[in-house]
Amino acid sequence: MGERITITQISSPSSKIHIREQKGYFQRIRTTMNSLLVLLFLFTPFISYQGRQAILFNISEQQFIFFGTTLWPQDFTILAWIFIAAAFILFFATVFWGRVWCGFLCPQTAWTFMFVWVETRLEGSRNQRITLDKAPWSFSKFYKRAGKHLLWGIIALLTGCSFIAYFIPARTLYPEIFTFSANVWSNTWVWFFALCTYLNAGWMREQMCLHCCPYSRFQSVMFDANTKTVTYDTSRGESRGPRKRKQATDLGDCVDCHLCVDVCPTGIDIRNGLQYECINCGACIDACNQAMEKFDYAPNLISYISENSLQNETKPIFTSLKFIGYGVASLIMLAVIMMDIASRDDIQLNVIRDRQNLYRETLDSKIENSYTLKIRNKTQERRHYQISIDNQHIYQLVGDTQMVILPGEQLDYPVTVLAKLDRLISSRSPVNFTIREVSTLETKDNWVSQASNFFSPL
Ligand code: SF4
Ligand code: SF4
């Protein structure tokens, strides 16, 4: 319980990393997940719901629209709960699978591998790219480099547009950006995020993971001896050394082919032990399995395995305090989100008393108080509402009590309340306003109420 596995800090490679493209089981999983993530990111802003963009952070109107539900700044606690729940679920997954997020779902990894894919298509394999780097400038080199940077730029621009399309409606933003008619702010933000994408995925790559990402620094806190991490089986692999196929040898199974290092996006040698630079992408597992197959050796010299399994110790994960702690915290946060959603109202009501006059006396000896009801329709549909007041044997609402409010609008509605003095019991009596949604087809049970005070000369 509470075991801490050791993470070695190996100095990061200072020279440029030329990632060797690798195919295999884990790379298929990674590519599929990364592709889905990228497609989801790019196309979500084009999904419409009830005639509007389904997901939109409308900063100018201070609204977050999510499939017909509108969240206002006062509802943003739910976003905070969602982020906290997501963090606990990530920690929970990390206890099981180590940095599986980094290797398979992190946008930095997805975009880096996408840029490497473009690079490989245009400049060739790892060895060809190293040769091209060393070659003097020629038309061929210029042509390949220009093509690569142009494609990187297009992907980066689309990424910038897509990111900003979560804040400015996509169907307005894209035509404006590509016809150069966008305003200065739209242009600034799109090009800023495009530049960040180009620099991150094209140039900085693993440097972001090694030096900028805080998660890589504190992830080891979540690990224990049951956490599956990418591990080289030293007892089986050593002593390493090259050999011919089917050659009898006293060496361990590692044929020292260096493939596991060549495919590593962070340029580390996993044979040196678990290192914080490792993003758990599994590329070295696929590369090593390929080498093992070639030499007719058993697979999984490098594999996702826990320290306990490596030492043939079986200790159920359910006994881990971290597993229980993060699991319980995740369930609590999910319950909080459900309760927050269930208790949300489509109507918002604030009752503001007239601050000029506490009360007025009418000619027929009644007492009059004035209020402003600030009523917000939080839906994305036009809604019909009715105002009512409790204790109608005491209070009487004056004027029209029905109104229509447009989607997302707030109406400041002045109301006057009358009361007979002999019905009041003190100079300050409670008065309760209710706003109820009225449908022409049915009366929905959708209402909010708020209390205020009624003042009189008693
Ligand atoms: S050591 Fe293996 S799993 Fe870790 S980052 Fe490198 S290739 Fe990916
Ligand atoms: S890929 Fe496997 S066999 Fe080749 S060097 Fe790495 S651990 Fe050794």
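Everything numeric here is computed off the predicted structure, so don't read it as measured data.

Asks: I tried to follow the overall build of the protein chain on my own but got confused; where do I start?
Replies: Across its full length, the protein chain holds 15 helices and 16 strands. Over its C-alpha atoms the protein chain spans a radius of gyration of 32 Å, topping by over 25% the 23 Å that the globule rule assigns to 458 residues. Contacts in the protein chain between residues far apart in sequence, at least 24 positions, make up 69% of those at least 6 positions apart. Of the accessible surface of the protein chain, which amounts to about 24,700 Å², a share of 62% is contributed by carbon and sulfur atoms. Side-chain charges of the protein chain comprise 45 positive and 39 negative groups, with the mean position of each set lying 7 Å from the other.

Asks: Please explain the site of ligand 2 as it appears in this structure.
Replies: Ligand 2 sits among Tyr232, Cys254, Val255, Asp256, Cys257, His258, Cys260, Arg271, Cys288, Met292 and Ile302. Considering only residue class, the shell around ligand 2 consists of eight nonpolar, one polar and two charged.

Asks: What is the right way to look at the packing of aromatic side chains in this model?
Replies: The relative placement of two aromatic rings is captured by the distance of their centres and the angle of their planes. Tallied over the full model, the rule gives 27 aromatic pairs. Ring geometry for Phe92 and Phe323: centres 5.2 Å apart, planes at 35°, overall tilted. You can see Phe92 sitting in helix α2 (residues 77–97) and its partner Phe323 sitting in helix α15 (residues 321–342), a full 231 residues away along the chain. When its relative accessible area of 14% is taken as the criterion, Phe323 is described as buried. Relative to Tyr198, the ring of Trp152 lies with its centre 6.2 Å away and its plane at 65°, an arrangement referred to as edge-to-face. Linking Trp152 in helix α6 (residues 139–164) with Tyr198 in helix α8 (residues 184–204), this pair joins segments that are 46 residues apart in sequence.

Asks: Would you mind showing me how to read the pattern of salt bridges here?
Replies: Where charged atoms of side chains with opposite charge meet at close range, the side chains can pair. Under the counting rule described, the total for this entry stands at 20 salt bridges. Across the pair Arg205 and Glu119 runs a salt bridge whose closest N-O atoms are separated by 3.3 Å. Placement of Arg205 in the loop between α8 and α9 (206–212) and of Glu119 in helix α4 (residues 107–123) is noted, with a sequence separation of 86 residues between them. Its relative accessible area of 7% is what places Arg205 among the buried residues. With a shortest N-O distance of 3.8 Å, Asp346 and Arg383 are connected by a salt bridge. On the criterion of sequence distance, the pair formed by Asp346 in the loop between α15 and β8 (347–353) and Arg383 in strand β11 (residues 383–389) is long-range, its members being 37 residues apart. Linked by salt bridges that have partners in common, Lys16, Glu119, Glu123, Arg129, Asp133, Arg145, Lys148 and Arg205 make up one network.

Asks: Explain the UniProt feature "transmembrane region" (unreviewed entry) in the protein chain to me, please; I cannot follow it from the model alone.
Replies: Taking the UniProt record as the reference, the feature "transmembrane region" (unreviewed entry) is found at residues 33–51, 78–98, 150–168, 180–201 and 323–342. Measuring from the first to the last C-alpha atom of residues 78–98 gives 28 Å, for a span that is 95% helix and 0% strand. Annotated as 100% helix and 0% strand, the span residues 323–342 places its first and last C-alpha atoms 28 Å apart.

Asks: Please clarify how the sheet that holds strand β5 (residues 69–71) should be interpreted in this entry.
Replies: As a general point, the strands of a sheet are linked pairwise by backbone hydrogen bonds and lie either parallel or antiparallel. Reading across the sheet, the three strands line up as β3-β4-β5 and stay open at both edges, with antiparallel pairing between neighbours. Unpaired on one side and paired on the other, β3 (55–58) and β5 mark the two borders of the sheet. Direction aside, the axes of adjacent strands within the sheet are offset by 15° on average. For strand β4 (residues 63–66) and β5, the ladder comprises three bridges, and the chain directions are antiparallel. Residue pairing for β5: Phe66 is matched across the bridge by Thr69.

About the cut-offs
- Residue numbers restart at each chain and count upward from 1, following the sequence in its written direction.
- A letter from A marks each chain and a number from 1 marks each ligand, given out in the order of writing.
- Owing to the predicted nature of the model, reporting of local features is limited to residues with pLDDT of at least 70; listing and counting of side-chain atom pairs is limited to 80 or more, with chain, interface and lining totals taken over all residues.
- For the side-chain quantities, the full set of heavy atoms in the structure was used; hydrogens and water were omitted.
- Secondary structure elements are defined from DSSP: runs of H or I of at least 4 residues count as helices, runs of E of at least 2 residues count as strands, and each element is numbered from the N terminus.
- Radius of gyration: over C-alpha atoms. The globule rule applied is 2.2 Å multiplied by the number of residues raised to the 0.38 power.
- Two residues qualify as a contact provided that any one of their heavy atoms is within 4.5 Å of a heavy atom in the partner residue.
- Residue exposure ignores everything except the shown protein chains as possible cover, and the areas themselves are Shrake-Rupley values with a 1.4 Å probe.
- His is not counted, nor are the chain ends; Lys and Arg add positive charge and Asp and Glu add negative charge.
- Where a charge lies is defined by one atom per residue type: Lys uses NZ, Arg uses CZ, Asp uses CG and Glu uses CD.
- It suffices for a single heavy atom of a residue to lie within 4 Å of a molecule or strand for the residue to be listed as near it.
- Put simply, Ala, Val, Leu, Ile, Met, Phe, Trp, Tyr, Cys and Pro go in the nonpolar bin, Asp, Glu, Lys and Arg in the charged bin, and everything else, Gly too, in the polar bin.
- Here a Phe, Tyr or Trp ring, Trp counted by its six-membered ring, pairs with any other such ring whose centre lies within 6.5 Å, and the pair is stacked when the planes are under 30 degrees apart, edge-to-face when over 60, and tilted otherwise.
- A 1.4 Å probe rolled over the protein chains alone gives each residue an accessible area, and that area as a share of the maximum for its type sets the label: buried under 20%, exposed over 50%, partly exposed in between.
- Within this document, salt bridges are pairs made up of a side-chain nitrogen of Lys or Arg and a carboxyl oxygen of Asp or Glu, the two lying within 4 Å of each other.
- UniProt positions are given in the numbering used here, feature names are shortened, and annotations may be inferred rather than shown by experiment.
- Strand pairing follows a simple DSSP-based rule, namely that at least 2 bridges must link the two strands.
- The convention used is that axes are lines fitted to C-alpha atoms, helices contributing only their stretch in contact, and that angles between N-to-C directions extend from 0 to 180 degrees.

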